[in-house]
Every structure is written in C-alpha cells, then in structure tokens.
Amino acid sequence: MRPSRTKSKNILLGVCSSAACFKALTLASSLVKKGHAVKTVLSPSAAKLISPQLFGAVTKNEAFSEQFNPSLVSGEGHISLSDWADFYVIAPATANTIGKLASGICDNLLLTLAVSRRGALFIAPAMESRMWKNGFVRANVSMLKKSGVKFIGPVTGRLASGSTGPGRMSEAEEIIKNLPL
Ligand SMILES: Cc1cc2nc3c(=O)[nH]c(=O)nc-3n(C[C@H](O)[C@H](O)[C@H](O)COP(=O)(O)O)c2cc1C
C-alpha cells in the first residue's frame, strides 16, 4: 500500500443545531477514514437534534456538548481540547453561532473552544437563504472574515425547507478539500 502523503491531524469538529447536522457525520467519518483523529463538540441545541453518541461511535472519541460536563471539568478541560487540536472546523454553523462568534460570546463549549483555540478556525455555514442574506448575518460573517476565520461555502442548492438558494452547507468532500490536511 502506498504511504499516505498527508500527516495525521487532530481535528476538533463543532456541530450546530442545523437541519444539515447529519452531514457532519459524513464529514467526521471521512476524516477518520483518511487517518485523522476527530473530537466532536455539539452545541447543546445540536445535541437535541442528533446524538453525541453517534459522533462518539464514528470517531471513537467521546463527543462533548455540555460546558460543565464533570469529565471535562475534572479532566480534559476546554483548554486541553484546544491545545490538542491542530485546527477547528464548525460544520454546520448556524446563524446563531456565527453571531455569537462575531461577538466573542462563550456561553457553550463549542463557542468557548472557538475563542480559546490555538489553530485556524474554519466555518461551513448552513441556513435558509433569507437568513444567509440577512444584514445581521452579513455583518457577522464579514467581521469574522476580517478576524481571519475561513469560510467554506455555503453553496446554492436545495435547502431544508425545500426551496433553492444560497445557504446550503458544502458537502463533506468539498469541506475536506479546503482544510489544511
Ligand atoms: C429542525 C431545525 C433545523 C434548524 N436548522 C437551522 C439551520 O440550518 N441554520 C440555522 O442557522 N438555524 C437553524 N435552526 C435554528 C437553530 O437551531 C437555532 O437558532 C438555535 O438556537 C441555534 O443554536 P446553536 O447555534 O447553539 O446550535 C434550526 C432549528 C430546528 C429546530
């Protein structure tokens, strides 16, 4: 077998509560199959839509969603998770999380990790077109881009509502092409 050209990376995957959060499982699975280590953090709302245990099963690493999870508080705290990661990718990212990031808000673990991270932050937004086009969201995206955050997508396509327009989350392979692997 030919040796892989890419070195294994430690990747923190943030998952927000979007209708596209099932695509984050494909992303996690593809990264693991390529030999990378993935640890997942779900926003508390995302953990209501999709089970953290599913990400645990796919990545073979415990998936976190609670900022005050006892095992995090006494063991692998947010700083050690930040130190572990080569970079952080939030996919899907909601309008809510993008807005909080633009203000440096840290009221859940996913956000705290973004603000305490050492490496690059990649964001793959997912939302309905009217949200993506909204002036608040535009200003927050622009602010984050100025801070060096890298956006992957969204693309124009079919949305959860059934309509078509900008706001569809990029597919896993497209996200992977844009990561420093
Ligand atoms: C089924 C469902 C799908 C949703 N999809 C999206 C979405 O794709 N994008 C978005 O910005 N918000 C979406 N929302 C709204 C967010 O879940 C809501 O704004 C939430 O507060 C975001 O929390 P989080 O950013 O902490 O994950 C959805 C809500 C529900 C119930």
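Keep in mind it's a predicted model, so treat the numbers as computed, not measured. By convention here, each chain's residues receive numbers from 1 onward along its written sequence. Under the rules for a predicted model, residues below a pLDDT of 70 receive no local features and side-chain atom pairs below 80 are neither given nor counted, while totals for whole chains, interfaces and linings still include all residues.

1. Concerning the overall build of the protein chain
The helix and strand tally for the protein chain stands at ten helices and seven strands. Considering only C-alpha atoms, the protein chain reaches an extent of 40 × 40 × 30 Å along its principal axes. Exposed residues have 12 or fewer other C-beta atoms within 10 Å of their own C-beta, buried residues have 20 or more, and residues in between are partly exposed; the C-beta atoms are placed from the backbone. By the burial criterion, 39% of the 181 residues in the protein chain qualify as buried. Each residue gets a C-beta atom placed from its backbone, and two residues are in contact if those atoms lie within 7 Å. Put simply, 73% of the contacts in the protein chain that link residues at least 6 apart link residues at least 24 apart. Helix and strand definitions here come from DSSP, where helices need a minimum of 4 consecutive H or I residues and strands a minimum of 2 consecutive E residues; each element is numbered from the N-terminal end.

2. A look at the site of the ligand
Each residue receives a C-beta atom built from its backbone; the residue is near a molecule or strand if that atom lies within 6 Å of it. Neighbouring residues of the ligand: 16 residues in total, closest Cys16, Ser17, Ser18, Ser43 and Thr94. Ranked by the residues each element gives to the shell around the ligand, the list is headed by helix 6 (residues 95–102), at three residues. Gly falls in the polar group here, along with every residue not listed as nonpolar (Ala, Val, Leu, Ile, Met, Phe, Trp, Tyr, Cys, Pro) or charged (Asp, Glu, Lys, Arg). Counted by class, the shell around the ligand contains nine nonpolar, seven polar and no charged residues.

3. Points about helix 7 (residues 109–116)
Those residues of helix 7 that sit buried are Leu109, Leu110, Leu111, Leu113 and Ala114. Buried residues along helix 7 sit in contact with strand 1 (10–15), strand 2 (37–42), helix 5 (78–84), strand 3 (87–93), helix 6 and strand 4 (120–125).

4. Side note on the nonpolar core
Put simply, a nonpolar core is a cluster of buried Ala, Val, Leu, Ile, Met, Phe, Trp, Tyr and Cys residues tied together by C-beta atoms within 7 Å. Among the nonpolar cores identified, the biggest contains 49 residues, and Leu13, Ala91 and Ala124 are the most heavily contacted of them. Excluding residues that lie within four positions of it along the chain, Ala91 makes contacts with Leu13, Ala24, Leu27, Ala124, Met169 and Ile175.

5. What to know about the sheet that holds strand 2
Read across the open sheet, the five strands follow the order 2-1-3-4-5; overall the sheet is parallel. The two strands at the open ends of the sheet, each matched to only one other strand, are strand 2 and strand 5 (150–151). Paired strands are those between which DSSP finds at least two bridges. Of the strand pairs in this sheet, strand 3 and strand 4 are connected by five bridges, and their pairing is parallel. Across the sheet, Tyr88 pairs through a bridge with Leu121, a residue of strand 4.

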